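# Observations on chain architecture
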Amino acid sequence: MSHYLVPFSVLEQTIQAGQCADSPEVLYHYLNLTEEYAERLNITDATLLHQRVFNVLLDTVCDTSLAPHWRQICLDKVYLPLSHLKHLIVTYQDAKSYFRMEHNLRILSHYFLSSFEQQEPH
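Values in this document were obtained by computation on a predicted structure and should not be read as measured data.

## As for the pattern of salt bridges
Following the criterion strictly, the structure yields 2 salt bridges and no others. Notably, a salt bridge pairs arginine 52 with glutamate 12, separated by 2.6 Å at the nearest N-O pair. Note that arginine 52 is positioned in helix 3 (residues 43-62) and glutamate 12 in helix 1 (residues 8-16), a separation of 40 residues in sequence. Note on arginine 52: relative accessible area 39%, which makes it partly exposed. Among the residues examined, glutamate 12 registers a relative accessible area of 7% and is labelled buried. Among the salt bridges present, the one from arginine 106 reaches glutamate 102, with a minimum N-O distance of 3.0 Å. With arginine 106 and glutamate 102 both in helix 6 (residues 92-119) and 4 residues apart, this pair spans about one turn of that helix.

## Concerning the packing of helix 2 (residues 24-39) against helix 3
In contact at an axis separation of 9 Å, helix 2 and helix 3 are set at 165° when each is read in the N-to-C sense. Classed by the angle they form, the pair helix 2 and helix 3 counts as roughly antiparallel. The handedness of the crossing between helix 2 and helix 3 is left-handed. Within the contact between the two elements, helix 2 uses Leu27, Tyr30, Leu31, Thr34, Tyr37 and Ala38 and helix 3 uses Ala46, Leu49, His50, Val53, Val56 and Leu57. Counted by class, the contact of helix 2 with helix 3 contains 10 nonpolar, 2 polar and no charged residues.

## What to know about the nonpolar core
Ranked by size, the top nonpolar core spans 32 residues in total, and within it Ile15, Leu27, Tyr30, Leu57 and Trp70 carry the most contacts. Residue assignment for this core shows that the elements contributing at least two residues are helix 1, helix 2, helix 3, helix 4 (68-77), helix 5 (79-87) and helix 6. By residue number, the principal contributor to this core is helix 3, which donates 8 residues. Sequence-distant contacts of leucine 27, that is, excluding residues within four places in its chain, are made with Ile15, Leu57, Trp70, Ile73, Cys74 and Lys77.

## Here's the deal with the packing of aromatic side chains
Going through the model one piece at a time under the given rule, you end up with 3 aromatic pairs. Between tyrosine 98 and phenylalanine 99, the ring centres sit 5.1 Å apart and the planes meet at 75°, which makes this aromatic pair edge-to-face. Overall, the relative accessible area of 5% leaves tyrosine 98 in the buried class. Assessed through its relative accessible area of 47%, phenylalanine 99 is described here as partly exposed. Members of the aromatic cluster, joined through ring pairs, are Phe8, Tyr30 and Tyr37.

## Details of the state of the cysteines
Counted under the stated rule, the structure contains 0 disulfides. The cysteine cysteine 20 is free of any disulfide, with cysteine 74 supplying the nearest cysteine sulfur at 7.5 Å. Given a relative accessible area of 6%, cysteine 20 falls into the buried group.

Analysis parameters
- Residues numbered from 1 in each chain as written.
- Predicted model: local features only at pLDDT ≥ 70, side-chain atom pairs only at ≥ 80, totals over all residues.
- Heavy atoms only, no water.
- Salt bridge = Lys/Arg side-chain N within 4 Å of Asp/Glu carboxyl O.
- Helix = DSSP H or I, 4+ residues; strand = E, 2+ residues; numbered from the N terminus.
- Buried < 20%, exposed > 50% of the residue type's maximum accessible area, 1.4 Å probe, protein only.
- Axes fitted to C-alpha atoms, helices over the stretch in contact; angles between N-to-C directions.
- Parallel < 35°, antiparallel > 145°, perpendicular 65-115°, else oblique.
- Left-handed = near helix turned anticlockwise from the far one by under 90°.
- Contact = heavy atoms within 4.5 Å.
- Nonpolar A, V, L, I, M, F, W, Y, C, P; charged D, E, K, R; others polar.
- Core = buried A, V, L, I, M, F, W, Y, C linked by side-chain atoms within 4.5 Å.
- Phe/Tyr/Trp six-rings, centres within 6.5 Å; stacked < 30°, edge-to-face > 60°.
- Disulfide = S-S within 2.5 Å.

Structure (C-alpha cells):
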C-alpha cells in the first residue's frame, strides 16, 4: 500500500463512515500513525490521542448502518488504544477513566458480538 499524506482527521472520518470497509489497511495505517504520533507527545497528550482513537473505533463498532465485517474489524482493533492507555495511567483519575472505558467496551462489545453472531448464516 502506498502511503499518502492524509490528514489524521480525514482518516478518522473515513473509518467512521465505513468508506474503507474493504480496505482494512487504512485502519492499520491509522493505528500505526497513532503510535508514531503518541511517541512524540507528552503523557497527557498521548493519553488524549489514544482516548480519541478508542472513541473513533468504538463509535464505528456501534454504528449499525455500517457493514458488519467493518465493525468487526474495528472491534478487533479497539483494544490497541486501550492497551496503550493502560500504560499511561499515572493518577487515580487516569485509572478511573481507563476502567470506565474498559467497562463500556466490555458492555458494548458483548452486545455487538451477539448481534454479529445473529447476522452470520447458519
